[in-house]
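# Working through the structure, step by step
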Amino acid sequence: MSQPATATDRVASPRRIAALALPALVVLAAEPLYVLVDTAVVGHLGRVPLAAVAVGGTVMTLTAWLGTVVAYGTTGRAARRFGAGDRAAAVAEGVQASWTALGVGLAVVVGMQIGGGALAGALAGGGEVAVAAGEWLRVAAFGAPGLLLAAAGNGWLRGVQDTRRPLLFVVGPNLLSAVLCPVLVYPVGMGLIGSAVANVIAQTLSGVLFAAALVAERVALRPRPRVIGQQLVLSRDLLIRGVAFQASFLSATAVAARFGAATVGAHQIAVQLWFFAALVLDALAIAAQALVGAALGGGDDASARALARRIGRLGALCGTAFAVLAAAGAGVVPTWFSSDSAVHEQALVAWPWFAAMLPLAGVVFALDGVLIGAGDIRFLRNLTVAGALGGFLPAIWLAYALDLGLGGIWAGLMLFTVVRLVGLLLRLRSGAWAVTGAVRGDERVAA
C-alpha cells in the first residue's frame, strides 16, 4: 500500500476518532443529563413549575447556542493552526474567544434582569407560568458568563485535540449541581428557584476551571480587539445559523404553550431528550471538527474526505441505536419527568416523530461537524436558514393555525431535519468544502 493511503487510513481510523469522540461524549452528555435531572426534580413540583422551566429553559438555550457558536468557531480555527504545527497560535484563538465569551455572558446577565420577565411572558402568553418562568430566568441568567467561558475553553482544547481535561472541568461541576438541585428544591425549600441556583453554581465553576487552563498555558492573556473583531466576523455565519435554530425552537415552545400547560410540559420533556440525543451524537461532530480541521490545516485533503465518509456512517449507526432505545422507552420515559397523566398523553404524540428522526439526525450532526471543521460555515448558514424558513417555521405556525397540536410541531422538526440531510449529502459529494491551508481563503479576506 502506498504511503499516502497509509497516512489517510491512520488519520481516519476508528481508533483515532474514538480517542476524541468518547471523552467529548461524556462532556457533551454532562450538561443535558443535568437538565434532565433538573426537569425530573421540578416536574414533581407540579404542572406549572414544569411549564415554567420549559419556557425559561428555552430562553437560556439561546445562551447555550451562543456558546456553541463560540466553541465551534474556535475549534475550527484552532484545529487548522494546530494541524499546521503552531500550537501557540491555536491557544491564542482560545484567549480571544474567552474575552468574547465573558463579555457576551455579562450582557446576558444584564439583559435578563431587565427584560427576562417580559420575554417569559411573551413566550408563555401570560399567567402564572409566565410569572414563574420570569423568576427562574432572572436567577439562571447569572450562570451565563461561566457557561460561555466553558464553551470557549472547550473550543480551543478540542482544536489542539485535547478532550480529556474538559472531562474534569464539565463533569465535576455538573455532578455537584445534580446533587444540589433536589436538596435546594425540596429540603431547603427553595422550590423552582433552587433549580436555577444549582444551575448557576455548575456553570460558574466550570467557567473558572477553563479560564485557569488558559492561564496555565502561559500565553499572553490581554484582549486584542483586532483579533476579537476578526473572530466575530468569521463567526457571523455560525451566529446567523444559531439564530435560525433559536427562532425555530422558541417558536415551537411558544406554540406548544398556547395549546396548554400539559402540552408545553410534554414538549419540554421531548425536546430536552432531543437536545440530549443531539449533543451526545455531536461527540462525532467534535471529533470531525478537530480531525478534519487539522488534516486540512496540514494540507491533507484526502484524509479529510476519508474522515467525512467514515464519520457520516458512524453517525447513522449511532442515530439508529438511539432510535431503538427511544422506541423501547415510549411508555416509560415520560413518567420519569412528570406524574401528570395529561403530560404523558401529550408526550406520546411527539414520541413517534422523535424516534423516527434520530437515524437521520445522526448523519446530519456528524456531517455538520465535518463542514465546521473545514470552515465551510457559509454553506451551513444558508442550508439552516433555508430549512428553518422553508420548513420548520411554516410548519410550526401552521400547526397552531390548524390546531394540529404537538404532532404538527414535531412534523415540522422532521421536515427541518430532512432538508438539512439532503443539503449536506450533496455538499459532501461535491468536494467544494475541502479547502487546505492553515488559514482558509475566506478567513484571509476577513482578516
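Residues numbered from 1 in each chain as written. Predicted model: local features only at pLDDT ≥ 70, side-chain atom pairs only at ≥ 80, totals over all residues. Heavy atoms only, no water.

### Comments concerning the overall build of the protein chain
Along its length, the protein chain carries 16 helices and 0 strands. The C-alpha atoms of the protein chain give a radius of gyration of 21 Å, which matches the 22 Å a tight globule of 447 residues would have. Evaluated residue by residue, the protein chain yields a buried proportion of 57% over its 447 residues. Intrachain contacts of the protein chain at a sequence separation of at least 6 include 86% that bridge at least 24 residues. Just so you have it, the protein chain exposes about 16,800 Å², and 69% of that area is on carbon and sulfur atoms. Computing the positive centroid from 30 side-chain charges and the negative centroid from 20, the protein chain places the two 9 Å apart. (Helix = DSSP H or I, 4+ residues; strand = E, 2+ residues; numbered from the N terminus. Rg over C-alpha atoms; globule rule 2.2 N^0.38 Å. Buried < 20%, exposed > 50% of the residue type's maximum accessible area, 1.4 Å probe, protein only. Contact = heavy atoms within 4.5 Å. Areas by Shrake-Rupley, 256 points an atom, 1.4 Å probe, with all protein chains shown as cover. Lys, Arg positive; Asp, Glu negative; His and termini not counted. Charge placed at Lys NZ, Arg CZ, Asp CG, Glu CD.)

### Observations concerning the side chain of T39
Structurally, T39 can be placed in helix α2 (residues 14–43). With near-sequence residues (within four places) excluded, T39 lies in contact with L50, Q268, Q272 and F337.

### Considerations on the nonpolar core
W274, W410 and W433 are the most contacted members of the largest nonpolar core, which has 113 residues in total. Leave out the neighbours within four places in its chain, and W410 touches H267, A270, V271, W274, A350, W353, F354 and M357. If you look at the next biggest cluster of nonpolar residues, it comprises 15 residues, including A30, A78, W156 and A213. (Core = buried A, V, L, I, M, F, W, Y, C linked by side-chain atoms within 4.5 Å.)

### Some words on the pattern of salt bridges
Considering all chains together, one arrives at 10 salt bridges under this definition. Across the salt bridge formed by R87 and E217, the nearest N and O atoms sit 3.0 Å from each other. On the criterion of sequence distance, the pair formed by R87 in helix α4 (residues 87–124) and E217 in the loop between α8 (192–216) and α9 (225–234) is long-range, its members being 130 residues apart. Residue classification places R87 among the partly exposed residues on the basis of a relative accessible area of 35%. (Salt bridge = Lys/Arg side-chain N within 4 Å of Asp/Glu carboxyl O.)

### Description of the side chain of T263
Following the sequence through the fold, T263 ends up in helix α11 (residues 261–297). Judged by its relative accessible area of 6%, T263 falls in the buried class. Once residues within four sequence positions are removed from consideration, T263 is found in contact with A256, Q346 and L406.

### So, the packing of aromatic side chains
Using the criterion set out here, one finds 9 aromatic pairs in the structure. Ring geometry for F169 against F210: centres 5.1 Å apart, planes inclined by 80°, an arrangement best described as edge-to-face. Taken together, the residues F169 in helix α7 (residues 165–185) and F210 in helix α8 connect sequence positions 41 residues apart. In terms of burial, F169 and F210 fall into one category: buried. Judged by centre distance (5.5 Å) and plane angle (85°), the rings of F249 and F392 are edge-to-face. Of the two residues, F249 is situated in helix α10 (residues 236–258) and F392 in helix α14 (residues 377–401); the sequence distance between them amounts to 143 residues. Every member of this aromatic cluster is reached through a ring pair, and the members are F245, F249, F392 and F416. A cation sits over an aromatic face here: R420 above F416, 5.3 Å from the ring centre. (Phe/Tyr/Trp six-rings, centres within 6.5 Å; stacked < 30°, edge-to-face > 60°. Lys NZ or Arg CZ within 6 Å of the ring centre and 35° of its normal.)

### A few points about helix α3 (residues 47–83)
Compared with an ideal rise of 1.5 Å per residue, which puts 37 residues at 54 Å, α3 spans 51 Å between its outermost C-alpha atoms and is within 8% of the ideal. With respect to burial, α3 is a largely interior element, 28 of its 37 residues being buried. Of the residues flanking the end of α3, it is G85, one or two places downstream, whose phi is positive at about 90°. (Expected span 1.5 Å × (residues − 1).)

### Structural notes on the packing of α11 against helix α12 (residues 301–328)
Interhelical geometry of α11 versus α12 gives an angle of 170° and a closest axis separation of 9 Å. The angle between the axes of α11 and α12 places the two elements in the roughly antiparallel class. Of the residues in α12, those touching α11 at F276, A277, V280, L281, L284, A288, L291, V292, A295 and L296 are D301, S303, A304, L307, I311, L314, G315, C318, G319 and F322. (Axes fitted to C-alpha atoms, helices over the stretch in contact; angles between N-to-C directions. Parallel < 35°, antiparallel > 145°, perpendicular 65-115°, else oblique.)

### Comments concerning the environment of L428
Of note, L428 is situated in helix α15 (residues 405–430). Taking the C-alpha atoms as reference points, L428 and V243, 185 residues apart in sequence, are found 24 Å from one another. Residues in contact with L428, not counting those within four places in the same chain, are A308, L367 and W433.

### Re the packing of helix α5 (residues 127–140) against α8
The axes of two packed helices give the description: the angle between them and the distance between them. Two elements in contact, α5 and α8, have axes whose closest approach is 8 Å; the angle formed by their N-to-C orientations is 20°. Comparing the axis directions of α5 and α8 gives the class roughly parallel. Two packed elements cross with a definite hand, and for α5 against α8 that hand is right-handed. Across the interface between the two elements, A132, E135, W136, V139 and A140 from α5 touch L192, I193, S195, A196, V197, N199, V200 and Q203 from α8. Tallied by class, residues from the contact of α5 with α8 come to 9 nonpolar, 3 polar and 1 charged. (Left-handed = near helix turned anticlockwise from the far one by under 90°. Nonpolar A, V, L, I, M, F, W, Y, C, P; charged D, E, K, R; others polar.)

Purely spatial values, then, with no claim about function.
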